[in-house]
Number of protein chains: 2
Amino acid sequence: MTAPVDSLPPGFLAALTEYVAIPSDSRSATPETMRAAAEWLAGRLSWAAGRVEETDGFPVVRGEWLGAPGAPTVLVYGHYDVQPTGDLAEWHTAPFELVVDGPVLRGRGVTDDKGPVLLVLAMAEALLAERGGLPLNVKFLLEGEEEIGSPHLPGYVRAHADELAADLVISADGAMWRPGEPSISIASKGLVALDIEVTGAAEDLHSGRYGGTVANPVHALATVLASLHAADGSVAVPGFAEGVAELSPQRRAEIDAVPFDDEEYRVAVGVPELFGEAGYSTLARLWERPTLEVNGITAGGKYTVIPHRAVGHVSCRLVGQQDPERVVAAITAHVTALAVPGVEVAVRADPGWVPAYRIEPDHPAVLAARDALAEVYPGHPVLLAVIAGTLPATTLFESALGAKTLFFSFATADEKHHAPNEFMRISRIGEGMRAWAALWDRLATTTEGTR
Amino acid sequence: MTAPVDSLPPGFLAALTEYVAIPSDSRSATPETMRAAAEWLAGRLSWAAGRVEETDGFPVVRGEWLGAPGAPTVLVYGHYDVQPTGDLAEWHTAPFELVVDGPVLRGRGVTDDKGPVLLVLAMAEALLAERGGLPLNVKFLLEGEEEIGSPHLPGYVRAHADELAADLVISADGAMWRPGEPSISIASKGLVALDIEVTGAAEDLHSGRYGGTVANPVHALATVLASLHAADGSVAVPGFAEGVAELSPQRRAEIDAVPFDDEEYRVAVGVPELFGEAGYSTLARLWERPTLEVNGITAGGKYTVIPHRAVGHVSCRLVGQQDPERVVAAITAHVTALAVPGVEVAVRADPGWVPAYRIEPDHPAVLAARDALAEVYPGHPVLLAVIAGTLPATTLFESALGAKTLFFSFATADEKHHAPNEFMRISRIGEGMRAWAALWDRLATTTEGTR
């Protein structure tokens with residue numbers, strides 16, 4: 001019997017092991033570590049003049065192979081940074097050690113986004129070896145700040161727009177929606193993150209010696225956070241939903257037609273029950289509705305103080321025409337209007353706002369992608385799905401390069417992105433390589449080269 | 001000009017420097033560190049057969065000088081453990097390095113309770129050198145788990161009740177209420193601590209890919225915590241206040257007669273405004289009303305997840321006849337009744353519950369203490385105050401040894417107990433030594449020796 005891992009192309013496992021071992025967590029790694037990851041990746045792109053280029057933050061990795069004159073040009077986007085590990089006690093394997101575990105590979109970043117990027121490079125190298133060339137012109141832009149909202153990507157892309165010019169951006173970031181079927185994502189949600197900070201006394205106070213005389217910032221923060229949602233979990237901030245269109249009967253019907261088993265999903269996620277905005281199916285909430293999630297709270301600890309400071313870390317996923325700036329203003333106004341007594345409350349937005357993004361389902365690139373997936377997954381209908389996560393680069397590429405972005409990642413959405421025990425299915429790597437090759441072949445003939 | 005520090009008895013500063021340098025944080029120190037603090041303290045008690053004795057937790061330090069046959073016996077209580085440092089970034093000096101800063105000494109534990117204990121030992125040694133003996137018999141019991149609720153002290157004291165027998169316990173723990181005047185504490189609040197844990201999914205979830213489909217445990221915890229208090233800050237848990245007597249007009253009048261400046265207090269604490277239960281003055285709330293404070297929250301962090309778990313750390317300060325067990329039951333029933341959807345909520349009480357404690361204002365020990373303070377602070381009326389904090393040993397000594405506890409600490413309540421930048425006034429050390437000597441002299445003649 002052949003183990004799943006034996007299906008990988010020669011050298012792939014060793015390369016991904018090296019790559020995952022570089023702990024390129026863009027929230028906490030040193031600039032040296034981030035550069036090491038970039039240098040490693042540039043080394044894999046030597047056939048495309050791969051190189052590390054400076055930005056105002058962590059560097060980007062660039063490269064291009066332009067040996068198909070007259071053919072279209074695609075820009076492949078991805079990222080080499082990863083999320084923080086979170087609580088190490090919750091990991092079953094060492095996060096930065098690639099582990100082969102039957103049908104999956106385990107490790108931080110293996111599916112977001114190190115594996116999905118590496119399979120594109122492996123595919124291109126294989127095509128070059130096999131055919132002596134690629135069917136179209138390819139540029140690469142692989143950044144190191146995706147997980148922190150790509151704060152320096154806009155400046156870089158605008159400054160290098162001529163060099164990055166392409167007919168289409170193909171993102172190796174994102175994820176297939178489910179393991180059982182091929183899908184193409186035609187939209188992604190926007191993102192705006194902010195902190196709600198409550199401040200009380202000048203310093204932490206002994207909870208006995210001062211208790212009952214001053215407001216506790218943790219109580220105040222709980223009051224503020226509890227006011228952000230209605231009982232059904234929908235966002236209760238006036239003005240938050242400005243720009244969110246009512247779901248059309250047609251879109252409702254489309255979503256209702258997608259096979260989706262609430263109970264199966266509930267068990268997979270491991271919650272006692274599903275929960276969310278009344279009047280929408282689970283899938284409609286996930287794909288079409290904006291969210292406001294408190295990602296964490298920093299406040300005191302398990303000792304008898306009244307903390308002088310409590311901070312709620314919030315992120316909102318946006319849809320439709322929601323304007324990140326107006327969302328922040330709406331939350332600020334709501335929190336201010338609460339006028340929680342005895343403390344000071346401040347709302348501070350993080351940089352790196354991203355509006356929601358959409359590509360039309362009949363765009364030539366989407367049609368080419370459907371055909372490519374149909375070839376690799378015969379007998380499976382190709383679903384048009386939504387990435388409920390955020391890809392900050394998409395709207396940037398549209399405005400700065402005039403190019404739409406096709407999401408074409410072979411990660412799967414259940415592979416514990418951003419959580420402990422991240423993994424990637426080994427089978428997706430070979431499938432992804434075949435699909436990318438088929439996509440490029442199709443794009444070479446169906447997309448008009450303009451550059 | 002003489003610096004305040006020059007007023008300290010010879011060797012005192014060097015000794016306290018050594019003692020503070022042992023980071024005996026009973027929440028996180030190793031058993032070896034805790035033992036080192038105990039051994040150090042026992043070494044200072046060599047004149048009283050000082051020794052370290054085992055308990056089921058961190059050891060206690062014991063000692064006795066019984067050279068005054070026929071005179072009463074007092075048991076001196078204190079502790080060698082300290083609170084965690086909390087966020088080191090908020091300390092202006094290294095917490096375990098004793099720093100002389102004009103009129104104060106700085107360092108973790110300097111005023112809670114290392115300084116106030118050490119001054120009693122220095123006083124006794126001075127008396128022995130000066131007079132060749134002490135006016136009464138003295139036993140020592142200095143524990144290492146006060147800051148974690150003294151979980152093993154009851155078992156130890158009950159098992160050694162005969163050896164610890166005394167006419168009166170004098171606590172070197174606690175604090176004078178204000179720097180400007182002498183005071184005796186005639187009551188302390190009880191304590192019960194608990195965690196409210198909310199659990200959602202099996203693991204942290206990507207806030208985009210799952211947002212809107214499941215309840216967020218942080219939102220649920222905020223809802224639970226926000227429900228614990230009314231708008232005025234009073235505790236809104238049904239049954240919580242069972243055993244709390246309505247404030248008598250006489251006690252209200254007594255408290256109103258105490259000089260207390262709300263604005264001065266507000267500025268000292270550094271809050272925008274004072275806050276608390278309607279219908280009570282600031283001082284009445286501090287001294288006579290129970291509290292429920294959320295000391296901290298552990299939940300996720302500043303990255304885009306829906307945390308699978310959120311925990312609120314709660315402690316309640318009890319008064320009157322509140323029963324800790326019934327308080328926990330009331331909170332549990334309240335939280336259960338909320339029935340927050342989509343998550344599981346558990347209430348888990350910590351061990352080490354302590355009911356409130358009181359000594360009558362006309363108890364002979366209180367009268368002796370008033371006289372001793374009047375001698376050291378001539379012209380200052382001696383206030384009868386309340387320790388709004390908790391001294392877990394008091395009710396234990398009453399039940400196990402049949403002895404009341406007199407609080408006689410020379411810490412001051414504003415000295416940042418449990419907070420960053422803890423300090424102790426140098427002047428209190430000499431004053432404390434003189435007052436303890438005067439107290440022992442008075443107790444030797446006014447308290448009947450029964451042992």
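Keep in mind the model is a prediction, meaning the values are calculated, not measured.

Draft legend 1. A look at the overall build of chain A. Per the secondary structure count, chain A includes 13 helices and 18 strands. Seen through its principal axes, chain A has C-alpha atoms that stretch 80 × 50 × 50 Å. For chain A, long-range pairs separated by at least 24 residues make up 79% of all intrachain contacts whose partners lie at least 6 apart in sequence. Looking at chain A as shown, the accessible area adds up to about 16000 Å², and 54% of this sits on carbon and sulfur atoms. The positive charge centre, built from 33 side chains, and the negative charge centre, built from 59, are 2 Å apart in chain A.

Draft legend 2. Quick peek at helix 3 (residues 110-131) of chain A. Among the 22 residues of helix 3 of chain A, 17 are classified as buried, and the element is accordingly described as predominantly covered. A:Gly132 occupies a position one or two residues after helix 3 of chain A and carries a positive phi of about 80°.

Draft legend 3. Spatial organisation of the interface of chain B and chain A. Contacts between the two partners involve 82 residues from chain B, matched on the other side by 81 residues from chain A. The junction of chain B with chain A conceals about 6900 Å² of combined surface from both sides, 55% of it contributed by carbon and sulfur atoms. Scanning the region where chain B abuts chain A turns up six salt bridges. Applying the counting criterion to the chain B and chain A interface returns 43 residue pairs in polar contact (both at pLDDT 80 or more).

Draft legend 4. Focus on the sheet that holds strand 8 (residues 183-188) of chain B. If you walk across this open sheet you meet the three strands as 15-8-16 (chain B), and the pairing is mixed. Looking at the sheet topology across the chains shown, the edges are occupied by strand 15 (357-358) and strand 16 (383-387) of chain B.

Draft legend 5. Examining the packing of helix 2 (residues 31-44) of chain A against helix 3 of chain A more closely. All names here are of chain A. Running from N to C, helix 2 and helix 3 cross one another at 20°; their axes reach a closest spacing of 10 Å. With respect to helix 3, the element helix 2 is oriented roughly parallel. Contacts between helix 2 and helix 3 involve Trp40, Leu41 and Arg44 on the former and, on the latter, Val117, Leu118, Leu121 and Glu125. Looking at side-chain class alone, the contact of helix 2 with helix 3 contains five nonpolar, no polar and two charged residues.

Draft legend 6. Spotlight on the environment of A:Val258. Residue and element names in this part refer to chain A. Along the chain, Val258 falls in the loop between helix 7 (249-257) and helix 8 (262-269). A relative accessible area of 11% means that Val258 is categorised as buried. Those residues in contact with Val258, other than ones at most four positions away along the chain, are Trp177, Arg178, Leu283, Trp287 and Leu383.

Draft legend 7. Quick look at the pattern of salt bridges. Residues and elements named next belong to chain A. Tallying each qualifying case throughout the model produces 54 salt bridges over all chains. Asp101 serves as the salt-bridge partner of Arg106, at 2.8 Å between the closest nitrogen and oxygen. Note that Asp441 and Arg131 form a salt bridge whose closest N and O atoms lie 2.9 Å from each other. Note that Asp441 is positioned in helix 13 (residues 427-446) and Arg131 in helix 3, a separation of 310 residues in sequence. Overall, the relative accessible area of 29% leaves Asp441 in the partly exposed class. By sharing partners, the salt bridges in this structure join Arg51, Glu53, Arg62, Glu64 and Glu163 into a single network.

Draft legend 8. Quick peek at the nonpolar core. Ranked by size, the top nonpolar core spans 80 residues in total, and within it A:Ile170, A:Leu406, A:Phe408, A:Trp436, A:Leu439 and A:Trp440 carry the most contacts. If you tally residues by element for this core, the top one is helix 3 of chain A, at 11 residues. Setting aside chain neighbours within four positions, we find A:Trp440 in contact with A:Val74, A:Val76, A:Val120, A:Met123, A:Ala124, A:Leu127, A:Leu134, A:Pro135, A:Leu136, A:Val138 and A:Ile170. Formed by 78 residues, the second largest nonpolar core is a distinct cluster that contains B:Leu16, B:Ala42, B:Val110 and B:Tyr377.

Draft legend 9. Quick peek at the domain arrangement of chain A. Taken domain by domain, chain A comprises domain 1 (4-188 + 357-446) and domain 2 (190-244 + 290-349). Here the C-alpha centroids of domain 1 of chain A and domain 2 of chain A sit 35 Å apart.

Draft legend 10. A look at the pairing of strand 3 (residues 73-79) of chain B. All names here are of chain B. By the criterion of burial, strand 3 is predominantly enclosed, with seven of the seven residues buried. Here strand 3 shows a buried face lined by Thr73, Leu75, Tyr77 and His79 and a second buried face lined by Val74, Val76 and Gly78. The pairing of strand 3 with strand 6 (residues 137-143) spans seven bridges and is parallel. Within strand 6, the residue paired with Thr73 across the bridge is Asn137.

Reading the values: rules and limits
- Residues numbered from 1 in each chain as written.
- Chains lettered and ligands numbered in written order.
- Predicted model: local features only at pLDDT ≥ 70, side-chain atom pairs only at ≥ 80, totals over all residues.
- Heavy atoms only, no water.
- Helix = DSSP H or I, 4+ residues; strand = E, 2+ residues; numbered from the N terminus.
- Contact = heavy atoms within 4.5 Å.
- Areas by Shrake-Rupley, 256 points an atom, 1.4 Å probe, with all protein chains shown as cover.
- Lys, Arg positive; Asp, Glu negative; His and termini not counted.
- Charge placed at Lys NZ, Arg CZ, Asp CG, Glu CD.
- Buried < 20%, exposed > 50% of the residue type's maximum accessible area, 1.4 Å probe, protein only.
- Buried area = accessible area lost by both parts, 1.4 Å probe.
- Salt bridge = Lys/Arg side-chain N within 4 Å of Asp/Glu carboxyl O.
- Polar contact = N/O pair within 3.5 Å; in protein donor to acceptor, adjacent residues only side chain to side chain.
- Pairing = 2+ DSSP bridges.
- Axes fitted to C-alpha atoms, helices over the stretch in contact; angles between N-to-C directions.
- Parallel < 35°, antiparallel > 145°, perpendicular 65-115°, else oblique.
- Nonpolar A, V, L, I, M, F, W, Y, C, P; charged D, E, K, R; others polar.
- Core = buried A, V, L, I, M, F, W, Y, C linked by side-chain atoms within 4.5 Å.
- Domains from an automatic or database assignment.

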